[in-house]
Amino acid sequence: MKALNEFGLFSIDKDSHELEKEYGLVGAAEGNQFQHTGQLKVMSYNEAMKTPEKKEWDKAVHKEHSTFAKYTVWKAVPKHKVPKDAKIITTTWAMKPKPNGIKRARLTARGFEQQDGLHYHSHDLSAPVVNDMTIRMIMIMIIMAGWATRLLDVNGAFLNGRFQNGEKLYTPVPQGFEPFYPADVLLLFLRT
């Protein structure tokens with residue numbers, strides 16, 4: 001802390017020993033049930049369902065389904081009504097425990113199965129991302145300007161994309177979602 005104060009990055013009103021204790025707690029507040037970050041690894045659906053926490057993983061899967069239903073991500077279409085040349089994209093699960101012990105289940109479409117010109121147009125691609133250097137620069141600006149910051153987590157933000165050129169993509173009912181749909185349907189994506 002003393003070194004940071006010398007650079008003028010922090011204004012220390014507290015006793016430095018007291019401040020060091022506070023900063024020592026950052027990041028340790030919720031992760032007390034894990035010995036190391038390796039325990040926070042991503043698992044497949046099948047791996048997660050073989051653990052002793054199966055009931056918690058089931059709840060996470062049901063929560064993900066509720067989010068998809070809330071945002072009307074897809075609609076069920078009887079298989080006999082799906083065009084013969086329709087693109088059917090599979091899905092995969094990313095099951096991961098959060099540091100506070102909550103189970104997070106995220107369903108993702110395997111977009112790499114699409115073909116340019118048939119299922120999407122490469123000139124229409126847009127994926128705004130931020131690299132680590134941009135984040136570092138913004139953090140330095142925040143520190144230098146003395147700004148206050150807040151973390152905002154938008155649940156389901158990734159479910160707000162729309163198809164713009166009439167694309168029609170289907171997926172089989174994902175693992176864990178079988179109780180919500182009849183056996184003879186595919187799901188037509190309504191959002192990207």
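Residues numbered from 1 in each chain as written. Predicted model: local features only at pLDDT ≥ 70, side-chain atom pairs only at ≥ 80, totals over all residues. Heavy atoms only, no water.

Caption draft 1: Summary view of the overall build of the protein. Helix and strand counts for the protein stand at five helices and six strands. Scored against the burial criterion, the 192 residues of the protein give a buried share of 25%. Excluding contacts between residues fewer than 6 apart, the proportion of contacts in the protein whose partners are at least 24 apart in sequence is 68%. Total accessible area on the protein is roughly 14,100 Å²; 55% of this is exposed by carbon and sulfur atoms. (Helix = DSSP H or I, 4+ residues; strand = E, 2+ residues; numbered from the N terminus. Buried < 20%, exposed > 50% of the residue type's maximum accessible area, 1.4 Å probe, protein only. Contact = heavy atoms within 4.5 Å. Areas by Shrake-Rupley, 256 points an atom, 1.4 Å probe, with all protein chains shown as cover.)

Caption draft 2: Inspection of the confidence of the model for the protein at higher detail. Per-residue confidence for the protein averages 77 on the pLDDT scale, and 69% of its residues sit at or above 70. No element of the protein has a lower mean pLDDT than helix α2 (residues 16–25), at 44, and none a higher one than strand β1 (residues 74–78), at 95. Across residues 1–12, confidence stays below pLDDT 50; counting only partners more than four residues off in sequence or on other chains, it has eleven contacts. Contacts from residues 19–31, a stretch scored under 50 in pLDDT, to residues over four places away or in other chains number ten contacts. (pLDDT = per-residue confidence, 0-100.)

Caption draft 3: Expanded view of the sheet that holds strand β6 (residues 185–189). Strand order in the open sheet formed by four strands is β1-β6-β5-β2, with mixed pairing between adjacent strands. At either end of the open sheet lies a strand with only one pairing partner, and these are β1 and β2 (87–88). (Pairing = 2+ DSSP bridges.)

Caption draft 4: Molecular detail of the nonpolar core. Core analysis: the largest hydrophobic core is formed by 22 residues, its most contacted members being W57, V61, W74, W93, M95 and F177. Elements with a minimum of two residues in this core: α3 (45–49), α4 (54–70), β3 (91–97), β4 (103–109) and β6. Looking at this core, the element that brings in the most residues is α4, giving four residues. Apart from residues no more than four positions distant in its own chain, W93 is found in contact with M43, S44, Y45, V61, E64, A105, R106, L107, P174, Q175 and F177. Judged by nonpolar contacts, the second largest core, of five residues, contains V77, V82, Y170 and L186. (Core = buried A, V, L, I, M, F, W, Y, C linked by side-chain atoms within 4.5 Å.)

Caption draft 5: Here's a closer look at the packing of aromatic side chains. Within this structure, the stated rule accounts for seven aromatic pairs. Both rings, one in F68 and one in W74, keep their centres 4.9 Å apart while their planes meet at 50 degrees; by these two values the pair is tilted. Neither residue differs from the other here; F68 and W74 are each classed as buried. With a centroid separation of 5.8 Å and 65 degrees between ring planes, the pair formed by W74 and F189 is classed as edge-to-face. Of this pair, W74 sits in strand β1 while F189 sits in strand β6, and the two are 115 residues apart along the sequence. Three or more aromatic residues joined by ring pairs make a cluster, and in this case those are Y45, F68, W74, W93, F177, F180 and F189. (Phe/Tyr/Trp six-rings, centres within 6.5 Å; stacked < 30°, edge-to-face > 60°.)

Caption draft 6: Structural view of a nonpolar patch on the surface. Together, V130, I135 and M139 make up an exposed nonpolar region whose accessible area comes to about 290 Å². Overall, I135 belongs to the partly exposed group, its relative accessible area being 45%. (Patch = residues over 30% accessible without salt bridge, like charges linked within 9 Å, V, L, I, M, F, W, Y side chains within 5 Å. Salt bridge = Lys/Arg side-chain N within 4 Å of Asp/Glu carboxyl O.)

Caption draft 7: The pairing of β6, seen in detail. Within β6, five of the five residues are buried, which leaves the element mostly enclosed by the surrounding structure. The two faces of β6 match: V185, L187 and F189 on one face and L186 and L188 on the other face are all buried. In terms of strand pairing, β1 meets β6 through five bridges, oriented antiparallel. Bridging from a neighbouring strand, W74 pairs with F189 of β6. Note: strand β5 (residues 169–172) against β6, three bridges, orientation antiparallel. Note on β6: the bridge partner recorded for Y170 is L188.

Caption draft 8: Representation of the pattern of salt bridges in the model. Evaluation of the coordinates by the stated rule reveals three salt bridges. When the shortest N-O distance is used, the salt bridge between D132 and R136 registers 3.7 Å. Here the residue D132 and the residue R136 both occupy positions in helix α5 (residues 132–145), the gap between them amounting to four residues, near one helical turn.

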